Amino acid sequence: MLSFHNDAKIKKKYVARVAAHAKADEIIKGKYWEKGRGCAVGCTIHSSNYNAYESELGLPEWLARLEDQIFENLPNAEAKKFPKQFLAAIPVGANLDSVKWKFCAFLLKENIDRVLSLEISADLKHQVVAALRQCLTVHEDVIESGEWNESAAAAAAAAAAAAWSAAWSAAAAGSAARSAAAESAVASWSAAWSAESAAARSAAWSVERSAAYSKYAKKLLRLLKEAK
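The text that follows walks through the structure, step by step, so that each part is easy to find. (Residues numbered from 1 in each chain as written. Predicted model: local features only at pLDDT ≥ 70, side-chain atom pairs only at ≥ 80, totals over all residues. Heavy atoms only, no water.)

## Focus: the overall build of the chain
Inclusion rule: A run of H or I in DSSP counts as a helix once it spans at least four residues, and a run of E counts as a strand once it spans at least two, with each numbered from the N terminus. Partly exposed residues are those whose accessible area sits between 20% and 50% of the maximum for their type, while under 20% is buried and over 50% is exposed, using a 1.4 Å probe and protein chains only. Contacts are assigned to residue pairs that have any heavy atoms within 4.5 Å of one another.
Regarding its fold elements, the chain presents 11 helices and 2 strands. Going residue by residue from the N terminus, the α and β elements of the chain occur as α-β-β-α-α-α-α-α-α-α-α-α-α. The 228 residues of the chain split such that 47% are buried. Counted over contacts in the chain with a minimum sequence separation of 6, partners at least 24 positions apart contribute 67%.

Put into structure tokens, the structure is as follows:
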């Protein structure tokens, strides 16, 4: 699938549409599309059908869901600008598959750094970080080769599930740090299948959740601009 079906007129149409909604202050959180107002997705396709991104814009459904996840969690002033920034960043005729893997790799690296900074037992830290690194390797391999390794992904998901179980059991003792480790383990599993879920898990225990999503938005826009 090529972005905007390799047609600059399609990009121009939808960028103009969201720009008009932004100018009229019709971009809002919490509603897909209602009475001429809506969220990032709603103001783009005038419905709640994520799959319409594929048929109308030539953009993958997972990217529509990721846009929505980021939009709903940005500070309001940033959120209103994001739909236009998002569409404007995407080159016409690009294959966006690599954006998913690169974005997930970014999230995994973020979580590795976070877990390494936690005050948890050395054994638990090692298990969670090892699972994150295993998932990261899967993503780095697909970025390099363009081929998703199902068996490696399944093994990484199993390691992440085991790490989550260990971290969750430890979290029952009431430590916020151990709960954070559990969230990071789940994020590593989510990254194997769902970029938007991984983003949600990565930010779930962040002290500054909106700041985390602002960072995610900037990273995604950079990756989209670089897509070919």
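On we go from here.
## A short note on helix H4 (residues 61–73)
An α-helical turn contains 3.6 residues, so a residue and the one three or four places further along point in the same direction. Cut-off, in case you're wondering: For a helix, the expected span equals 1.5 Å multiplied by the residue count minus one.
With 13 residues, H4 should reach 18 Å at 1.5 Å per residue; the first-to-last C-alpha distance of 19 Å fits that figure. Every buried residue of H4 is listed here: Trp62, Leu63, Ala64, Leu66, Glu67, Asp68, Ile70, Phe71 and Asn73.

## Some points on the pattern of salt bridges
Note the threshold: Whenever Lys or Arg places a side-chain nitrogen within 4 Å of a carboxyl oxygen from Asp or Glu, that contact is recorded as a salt bridge.
Within this structure, the stated rule accounts for 4 salt bridges. The closest approach of N and O atoms between Glu61 and Arg65, which form a salt bridge, is 2.9 Å. Here Glu61 and its partner Arg65 are both found in helix H4, 4 residues apart, which amounts to about one turn of the helix. Residue Lys215 is joined to Glu110 by a salt bridge in which the shortest nitrogen-to-oxygen separation is 3.0 Å. In this pair, Lys215 is assigned in helix H11 (residues 209–226) and Glu110 in helix H6 (residues 97–116), connecting sequence segments 105 residues apart. Lys215 sits in the partly exposed class, given a relative accessible area of 41%. The buried category is assigned to Glu110, whose relative accessible area is 16%.

## Observations regarding helix H1 (residues 8–23)
Defined as follows: Directions from the helix axis toward the C-beta atoms define the arc. What qualifies as a polar contact is a pair of N or O atoms within 3.5 Å, subject to a donor-acceptor requirement within protein and to the restriction that residues adjacent in sequence count only when both atoms come from side chains.
Here H1 contains 16 residues, and its C-alpha end-to-end distance of 22 Å stays within 8% of the 22 Å for a straight helix at 1.5 Å per residue. Of all the positions in H1, only Ile10, Lys11, Tyr14, Val15, Val18 and His21 are classed as buried. Buried residues along H1 cover an arc of 125 degrees about the axis, so they all sit on one side. Turned more than 90 degrees from where H1 packs its buried face, Ala8, Lys9, Lys12 and Lys23 sit exposed. Here the buried face of H1 lies against strand E1 (33–34), helix H2 (40–45), helix H3 (52–57) and helix H5 (76–89). Where H1 starts, the residue carrying a side-chain oxygen 2.9 Å from the main-chain nitrogen of Lys9 turns out to be Asp7. Among the residues trailing H1, Asp25 stands out with phi positive, at a value near 55 degrees.

## Let's talk about the nonpolar core
For clarity, the threshold we go by: Nine residue types can take part in a nonpolar core, namely buried Ala, Val, Leu, Ile, Met, Phe, Trp, Tyr and Cys, and a core is a set of them joined through side-chain atoms within 4.5 Å.
One finds Ile70, Phe86, Phe103 and Leu220 to be the most contacted residues of the largest nonpolar core, which totals 46 residues. Counting only elements with at least two residues in this core, the list comes to H1, H2, H3, H4, H5, H6 and H11. Counting residues per element, this core draws most heavily on H11, at 8 residues. Residues Ile120, Leu124, Cys135 and Ala156 belong to the second largest nonpolar core, which totals 19 residues.

## Re the side chain of Glu67
Inclusion rule: Positive charges come from Lys and Arg alone, negative charges from Asp and Glu alone, with His and the N- and C-terminal ends not counted.
When you line up the elements, Glu67 lands in helix H4. The buried charged residue Glu67 lacks any salt bridge partner; its closest oppositely charged side chain belongs to Arg65, at an N-O distance of 11 Å. For Glu67, the residues in contact, after removing those within four places along its chain, are Ala40, Val41, Thr44, Tyr53, Phe82, Pro83 and Phe86.

## Considerations on unusual backbone geometry
Its identity as a non-glycine residue notwithstanding, Asn6 has a phi of 60 degrees, on the positive side. Look at His46: it is not a glycine, yet its phi comes out positive at around 55 degrees. One can find His46 in the loop between H2 and H3. The exposure class assigned to His46 is partly exposed, which follows from its relative accessible area of 31%.

## With respect to the state of the cysteines
Quick reminder of the rule: Disulfides are defined as pairs of cysteine sulfur atoms found within 2.5 Å of each other.
For the coordinates displayed, the defined rule picks out 0 disulfides. Looking at the unpaired Cys135, the closest cysteine sulfur is the one in Cys104, lying at 9.8 Å.

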